[in-house]
Amino acid sequence: MVIVPCLKVSQRHAQLYRKYLLSQGVLDCKYTAQKNSDGTVTLPIIASVLAQLDLVALKKHVAQDSFCEIVDIQAPPLSKKEKVKSFHKRLIETAQSWLVSKGEQWSEDLARDIPSRWQCHGDLVLLSEGSFSNAIWKEIGSEFWTAVAQTLGVKRIAQIKKISQDGYRTPMVTMILGDSSYVTHIDNHIRYEFDVTKCMFSSGNITEKLRIASFDCSGETVVDLYAGIGYFTLPYLVHAKAAHVHACEWNPDAIKALQRNLQINGVSDRCTVHQGDNRQLPLSDLADRVNLGLIPSSEEGWPVACRLLKKDTGGMLHIHQNVTTPLHHEPPERSSAIEVEKGSSMEESSQRIQRDMQVWTAWASDTARHICTLLSDITGSKWRTDIKHIEHVKTYAPHISHVVLDLECKPL
Ligand SMILES: C[S@@+](CC[C@H](N)C(=O)[O-])C[C@H]1O[C@@H](n2cnc3c(N)ncnc32)[C@H](O)[C@@H]1O
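Parameters and conventions
- Residue indices follow the written sequence of each chain, beginning from 1 at its first position.
- Owing to the predicted nature of the model, reporting of local features is limited to residues with pLDDT of at least 70; listing and counting of side-chain atom pairs is limited to 80 or more, with chain, interface and lining totals taken over all residues.
- What counts as a helix is a DSSP run of H or I of at least four residues, what counts as a strand is a run of E of at least two, and both are numbered from the N terminus.
- Both definitions apply: the radius of gyration is a C-alpha atom measure, and the globule rule equals 2.2 Å times residues to the power 0.38.
- The exposure label follows from counting other C-beta atoms within 10 Å of a residue's C-beta, where the C-beta atoms are placed from the backbone and the thresholds are 20 or more for buried and 12 or fewer for exposed, leaving partly exposed in between.
- Any two residues are considered in contact once their C-beta atoms, placed from the backbone, lie within 7 Å.
- The domain boundaries here were taken from an automatic or database domain assignment.
- Note on terminology: a nonpolar core is any set of buried Ala, Val, Leu, Ile, Met, Phe, Trp, Tyr and Cys residues joined through C-beta atoms within 7 Å.

**What to know about the overall build of the protein**
When helices and strands are counted, the protein shows 11 helices and 17 strands. Relative to the 2.2 N^0.38 estimate, which gives 22 Å for 412 residues, the radius of gyration of the protein is 23 Å and therefore close to what a compact globule would have. Counting only C-alpha atoms and orienting by the principal axes, one finds that the protein spans roughly 75 × 55 × 45 Å. In the protein, which comprises 412 residues, the share counted as buried stands at 33%. A separation of at least 24 residues holds for 63% of the contacts in the protein among residues at least 6 apart in sequence.

**Description of unusual backbone geometry**
Excluding glycine, residues mostly have negative phi values, and the peptide bonds linking residues are mostly trans. A cis amide bond links I295 to the next residue, P296, at an omega of 10°. Turning to its location among the elements, P296 is positioned in the loop between β14 (289-292) and α10 (302-308). Located in the positive-phi region is F132, a residue other than glycine, with phi close to 45°.

**A short note on the domain arrangement of the protein**
We note that the domain assignment places domain 1 (3-74), domain 2 (80-180) and domain 3 (204-411) within the protein. Taking the mean C-alpha position of each, domain 1 and domain 3 sit 29 Å from one another.

**Re the environment of W302**
The topology assignment puts W302 in helix α10. For W302 and S181, which are 121 residues apart along the polypeptide, the C-alpha to C-alpha distance reads 35 Å. Beyond its immediate stretch of four places on either side in the chain, W302 contacts I371 and L374.

**Considerations on the nonpolar core**
Grouped together as the largest cluster of nonpolar side chains are 72 residues, with contacts concentrated most on Y236, V290, A305 and L317. Residues from two domains meet in this core; each of domain 2 (80-180) and domain 3 (204-411) gives at least three. Once residues lying within four places of it in the same chain are set aside, the contact partners of A305 are L225, V290, L292 and L317. Residues C6, Y17, V41 and I45 belong to the second largest nonpolar core, which totals 11 residues.

What follows is the structure, given as structure tokens:
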């Protein structure tokens, strides 16, 4: 039996502890955190750093009024990342035995061509661009793809050829196995239905969707300037209980999916869908909150967002941006900027996080000033903008972080 040391904390403080342990490289990401029936959560800790963990300092740093204790538990289920690793291994075995049975030679190059990540939407797996790129896979026929589907526990396979840069960000997707390209994706009790060949679905935004779900927007009018198929519109309506959401989108295929998703989640009556370019939106002075979920930048939408905020009371802008950290900031080797790099000490890692944070804060301050000027120009009166929070959503390349700035805007 494998025993894993864990930090036991209250559910209320679990997210704060998880974030801090992760930033310090102490969280054992191989395993999932466990919710217990007594209202506590156990967060797996890397055994080798346990001795360095100072519980008094930890508590002081995270939340003085919280409690935390070390407990040993039977190994919790593996994390999603670990499960993907084991699927990747099995995928290589499937591909290798298939090729060898056909008298072909296996090589390291072919092993590198096997994907180690993919998106799952119900019984359809969406392979990323660049995987299975060798000509050998094209000649191999549908029996091979059936074996791949069986290995991954799905029935259909599609592959992204590339994401178009046409403003719709339509993925160019081809079906490899199966006919229908319609999928259902369930996140946090919300059903999203869409056609994978026509609309994009960014699974990496899940932390932001959960954050929105935790907001209390009762009584608020929200505008989602880049609604897509409803990624953020739906959490605002279903979980954050917004009184009304105006959802803007210009891709007709995404609009179709958005309208269907509003219906199947039973929230159509609290949403107005505006089809077309949001910069031409004939609305103003009505929003308590505007979501600007477009990357690499939503800057084109800043003037319309300012125009939409209530003139008398102002409101909150959630501004998405890919922020680039300059190269001299020694790149992390792994996917998340807040993970500890192999071979780097906890101190080095925490210094790097602080440096990234400085770059994000500098961008946020510039943005806050820019928005303040826009608001004054648009309304003809003075405003104050306050940075309430900077959320790190994901890291793309070692130097590019998708962040969200929560900017409170108030008329003076
Ligand atoms: C990348 S998706 C983002 C969707 C979602 N917020 C997310 O992060 O997963 C951006 C969406 O905004 C839409 N879009 C981009 N510019 C727009 C504009 N000026 N007016 C209306 N929709 C726009 C695109 O068609 C696309 O569906």
